[in-house]
Amino acid sequence: MKLFYYCVFVCCLYTTTSAQKCNLSFKGKVTDFHDSSIIIGASLQIENSNKYATTDFDGLFEFNNICAGKYTIIIKHVACDTKRISISITEDTFKDITLEHHLNELNEVIVKTNTKTKITSVEQSLKKAAIDNFTDKSLGDALSTLSGVSSLNTGNSIVKPMIHGLHSSRLLLINNNVRMFDQEWGDEHAPNIDINASEKITVVKGANTLKYGSDAIGGLILIELKKYAVKDSLFGSTISSFNSNGFGGNINSEIVKTYKSGLYAKLQANYKQFGDFKTPDYYLTNSGLKSINTSFRIGYNGYEKGFSAYYSFVDNEFAILQSSHIGNVNDLVNAINNKKPRVTEDFSYDINFPKQAITHHLAKIEAYKRIKGFGKLSVQYDLQINRRQEFDLRRGDLRNTPVIDLRLFTNSLQTDLEIDYSDELKLNTGILVRYQQNDAIAGTGTNPLIPDFDKYEAGAFATANYKLNFDTEFNAGFRYDFSRIDARKNYNLNDWQETYNYDELFPEFETGVINGTRIFTKPEFTFHNFSASLGFSKSFENDISLFINYGLASRMPNPSELFSDGLHHSAARIETGLLTINKEIANNFIVSLERNNDDFGFVISPYYKYIDGFIQLIPVGITTTIRGAFPVWEHNQIDARIFGIDIDVNKKISERFNYKGNISLLKGDNLSDDIALIHMPSTSFTNSISYTKKELNQLTVRLQNRTVLQQNQFPDYNFNTFNAIQQQDVFVDISSTPPAYSLFNIQTSAVFKAFKKGSLKLEFNVDNLFNVSYRENLNRLRYFADELGRNFNLKIKINY
């Protein structure tokens with residue numbers, strides 16, 4: 001009987017408790033995170049239940065008759081990202097909920113022609129489809145298709161991008177928001193970047209680059225990764241290519257997993273190999289390459305907060321044209337005067353000496369948090385380790401020992417604060433600290449080209465973008481950078497005291513240690529750089545816009561300009577830096593009149609740069625070492641100006657035919673010596689006509705012509721020197737430029753359905769269709785061999 005009463009009591013108690021806890025209410029209000037505006041029509045659901053609510057005209061919602069407990073609420077709205085929140089209900093509850101209308105922050109980036117890093121900047125972009133065309137080529141090859149962008153080559157594999165005739169340390173190369181540091185050892189080192197990992201590459205010309213550094217005298221190259229949609233998905237792609245010239249190609253694969261929670265992960269890998277390339281008439285003996293690249297990325301993509309971690313590894317091995325290494329003056333004169341290289345052998349995949357071996361590690365961690373009604377704060381730490389080895393033909397125990405072995409360690413910490421609570425005024429500010437260490441690894445048996453050094457940097461910037469009205473905006477910014485470099489270097493005593501007079505100019509660098517003919521020194525330099533920018537943009541009718549930009553940029557000399565001292569094997573020349581070199585200061589002006597229209601569009605962009613203290617590397621003679629006779633190039637400093645104009649045109653001829661063309665004209669002057677600047681690109685123009693039939697597997701056929709005129713404005717650095725074989729003085733013409741050339745290319749592609757949801761894209765391309773023999777003025781090895789001949793290229797891309 002007692003048991004019966006106990007059960008009745010428990011049941012009554014349970015029933016009473018349940019009744020009390022299931023008549024609660026949960027009310028709230030949904031507003032926009034950015035500007036607190038009311039969001040009407042948002043739907044809310046208690047997960048795993050049939051309870052729904054919708055916000056009214058005041059953004060209010062209400063759930064009634066719910067029990068106490070913990071719930072997950074799903075909030076949805078058109079043009080907003082779906083949001084999930086957890087809430088514990090113990091009593092009647094009211095909660096404010098925010099959603100974000102700015103979908104571009106979360107979803108996949110849709111690249112449009114008018115998508116800019118700054119609304120006032122003058123820039124051009126390569127989309128993913130265009131990047132895929134260069135899957136087996138380099139960043140420099142891809143960018144040289146843009147007007148105003150050319151490349152400075154060392155052979156056919158080492159390609160360095162130039163913007164308006166400027167390259168190396170004058171360009172900021174930003175890879176996934178990390179400034180790349182692999183240019184500190186000279187201007188013929190190509191960027192260690194696998195473009196297959198990127199989604200979009202943007203070239204910003206001239207000003208509007210303060211966020212990334214003060215020394216972008218030439219401009220900025222911004223490499224961006226893809227942002228993924230917040231949803232459950234698994235997808236990927238594989239692209240492979242084969243080329244007849246070099247009998248090689250590459251294969252690149254990536255796989256991506258995303259979750260509706262915002263988490264994502266991506267793995268990408270690329271392998272590329274080529275044998276000896278071929279001109280129309282002969283193989284370029286020892287010109288192949290081998291490259292292995294991989295990257296991994298993981299993160300959480302939310303609007304209010306998020307993080308990402310990224311790692312990439314690049315391993316490149318480049319053969320250096322065997323004929324470019326000469327043994328005496330007679331070899332050099334013969335190479336310049338002969339049409340055929342000194343060494344031409346049958347095709348081979350072997351990469352022999354001389355060669356370069358480069359590895360580059362990049363790691364990055366970034367996190368951000370949005371502050372309601374204020375803006376977004378980001379913090380980033382990144383690390384780079386760059387190892388460069390240059391091998392020459394050596395004998396004995398040093399046979400496999402590099403003649404140059406350098407390791408550059410760079411790590412940076414930076415913050416970025418975007419204040420965007422106002423629709424009219426947006427502010428951006430940040431600070432940066434960086435430490436860099438260069439290690440000239442011992443055991444090479446040679447004097448290091450670049451000495452050991454430690455470099456310390458700190459900087460701060462602030463920019464503002466003000467929207468005056470619907471079609472007019474202004475942009476202004478300021479940046480300060482502090483740099484200090486502490487080096488440790490042995491100098492030839494005669495050079496220190498007699499040739500350069502350093503013992504009187506820099507006595508504080510001497511340590512008192514003299515070993516035979518060498519003196520040990522500790523050069524220390526400190527620089528304070530100030531930079532600024534002003535921008536203006538205005539939109540007119542008929543899709544016409546005007547952009548005007550001014551930029552003040554300052555660049556401290558890089559270590560190779562200060563300390564180079566010896567034979568640079570990849571360039572086959574002796575390079576000398578000077579401790580007397582000071583920083584460059586540049587004033588950049590650029591204007592752009594643009595019409596962004598598919599039927600008929602254009603970009604007309606004139607520019608002018610005045611550079612005080614322009615640092616250049618010029619030939620000054622020839623010297624004979626135990627390795628042979630090599631040209632001597634020395635850094636010096638002058639005043640310079642560069643001006644020109646870039647013009648792009650696109651025209652829709654009919655529904656199926658389109659035309660695109662561009663022309664770049666540039667002139668560079670050495671004002672100090674009243675002569676032309678060295679290594680300035682000549683006038684070039686490109687025309688292409690494409691045929692597209694979307695209903696026939698998106699068939700595209702494009703015929704392209706690129707013409708490069710002869711550079712008739714160049715400085716005369718020719719010289720006479722004694723030829724021991726001929727026992728007489730000989731004239732060495734290293735300044736005259738090669739004649740003009742014109743190349744035709746054909747590109748075709750079609751897309752087919754594959755698997756259940758995937759696609760298969762086939763491409764067949766022909767480069768240098770008429771197998772033209774030519775030499776390019778901006779190729780450092782133009783004295784020794786022609787450029788590449790005809791190439792048949794087949795690409796297969798599978799999306800899955």
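Residues numbered from 1 in each chain as written. Predicted model: local features only at pLDDT ≥ 70, side-chain atom pairs only at ≥ 80, totals over all residues. Heavy atoms only, no water.

We now examine the overall build of the chain. Regarding its fold elements, the chain presents seven helices and 43 strands. A globule of 800 residues ought to have a C-alpha radius of gyration of about 28 Å, and the chain, at 31 Å, matches this closely. Along the three orthogonal principal directions, the C-alpha set of the chain runs to about 125 × 70 × 60 Å. In the chain, the share of contacts with a sequence separation of at least 24, taken over all contacts with a separation of at least 6, comes to 66%. Summed over all atoms, the accessible surface of the chain reaches about 35,600 Å², with 56% contributed by carbon and sulfur. Computed over 85 positive and 89 negative side-chain charges, the separation of the two mean positions in the chain equals 8 Å. (Helix = DSSP H or I, 4+ residues; strand = E, 2+ residues; numbered from the N terminus. Rg over C-alpha atoms; globule rule 2.2 N^0.38 Å. Contact = heavy atoms within 4.5 Å. Areas by Shrake-Rupley, 256 points an atom, 1.4 Å probe, with all protein chains shown as cover. Lys, Arg positive; Asp, Glu negative; His and termini not counted. Charge placed at Lys NZ, Arg CZ, Asp CG, Glu CD.)

The next thing to look at is the sheet that holds strand E7 (residues 93-99). Strand order in this open sheet of three strands is E4-E1-E7, and the pairing throughout is mixed. Lying at the two open borders of the sheet, with one neighbouring strand each, are strand E4 (60-66) and E7. With direction set aside, neighbouring strand axes in the sheet form an average angle of 20°. Sheet topology places strand E1 (residues 24-32) next to E4; five bridges connect them, and they run antiparallel. Each residue of the ladder has a partner; that of Leu24, found in E4, is Ile66. (Pairing = 2+ DSSP bridges. Axes fitted to C-alpha atoms, helices over the stretch in contact; angles between N-to-C directions.)

This structure, assessed with the given rule, holds 31 salt bridges. Residues Glu695 and Arg656 are paired through a salt bridge, measuring 2.6 Å at the closest nitrogen-oxygen approach. In this pair, Glu695 sits in the loop between strand E37 (684-693) and strand E38 (699-708) while Arg656 sits in the loop between strand E34 (628-652) and strand E35 (657-670), placing the two residues 39 residues apart along the sequence. On the accessibility criterion, Arg656 (29% relative accessible area) is partly exposed. Arg775 is paired through a salt bridge with Asp786; the nearest N and O atoms lie 2.7 Å apart. Here Arg775, found in the loop between strand E42 (758-767) and strand E43 (791-799), pairs with Asp786, found in the loop between E42 and E43; they are 11 residues apart in sequence, far enough to count as distant. (Salt bridge = Lys/Arg side-chain N within 4 Å of Asp/Glu carboxyl O. Buried < 20%, exposed > 50% of the residue type's maximum accessible area, 1.4 Å probe, protein only.)

Scanning the entire structure with this criterion turns up 32 aromatic pairs. A ring pair is formed by Phe657 and Tyr691, whose centres lie 5.1 Å apart and whose planes are at 55°; its orientation type is tilted. Highlighted residues: Phe657 in strand E35 and Tyr691 in strand E37, separated in sequence by 34 residues. Grouping aromatic residues by their ring pairs yields a cluster made of Tyr491, Trp496, Tyr500, Tyr502, Phe506, Phe509, Phe525, Phe527 and Phe563. Lys278 extends its terminal NZ or CZ atom over the ring of Tyr283, reaching a point 5.7 Å from the ring centre. The ring of Phe391 carries Lys355 above its face, with NZ or CZ at 5.0 Å from the centroid. (Phe/Tyr/Trp six-rings, centres within 6.5 Å; stacked < 30°, edge-to-face > 60°. Lys NZ or Arg CZ within 6 Å of the ring centre and 35° of its normal.)

Take unusual backbone geometry next. Phe353 connects to Pro354 through a cis peptide bond whose omega is 0°. Position of Pro354 relative to the elements: it lies in the loop between helix H4 (329-337) and strand E20 (355-371). For His164, which is not glycine, the phi torsion reads 55° and is therefore positive. In this fold, His164 is placed in the loop between strand E10 (158-163) and strand E11 (171-175). Positive phi, normally seen in glycine, also occurs at Asn177, with a value near 65°. By the element assignment, Asn177 lies in the loop between E11 and strand E12 (178-179).

A few words on the nonpolar core. Buried together is how nonpolar side chains tend to be arranged in soluble globular proteins. Within the largest apolar cluster, 27 residues are counted, with the highest numbers of intra-cluster contacts made by Tyr491, Trp496, Tyr502, Phe525, Phe563 and Leu579. Every element with two or more residues in this core is listed here: strand E22 (404-419), strand E25 (472-492), helix H5 (493-499), strand E28 (524-539) and helix H7 (559-563). In this view, Tyr491 contacts Trp496, Tyr502, Thr517, Arg518, Ile519, Thr521, Leu562, Phe563 and Leu579; residues no more than four positions away in its chain are not counted. Membership of the second largest hydrophobic core comes to 24 residues, among which are Leu332, Ile358, Phe784 and Ala785. (Core = buried A, V, L, I, M, F, W, Y, C linked by side-chain atoms within 4.5 Å.)

A few words on the state of the cysteines. Taken as a whole and assessed by the stated rule, the structure comprises one disulfide. There is a disulfide in this structure between Cys22 and Cys67, and the S-S distance comes to 1.8 Å. Around the S-S axis, the bridge from Cys22 to Cys67 shows a dihedral of about 95° and counts as right-handed. Note that Cys22 is positioned in the loop between helix H1 (2-21) and E1 and Cys67 in the loop between E4 and strand E5 (69-76), a separation of 45 residues in sequence. (Disulfide = S-S within 2.5 Å.)

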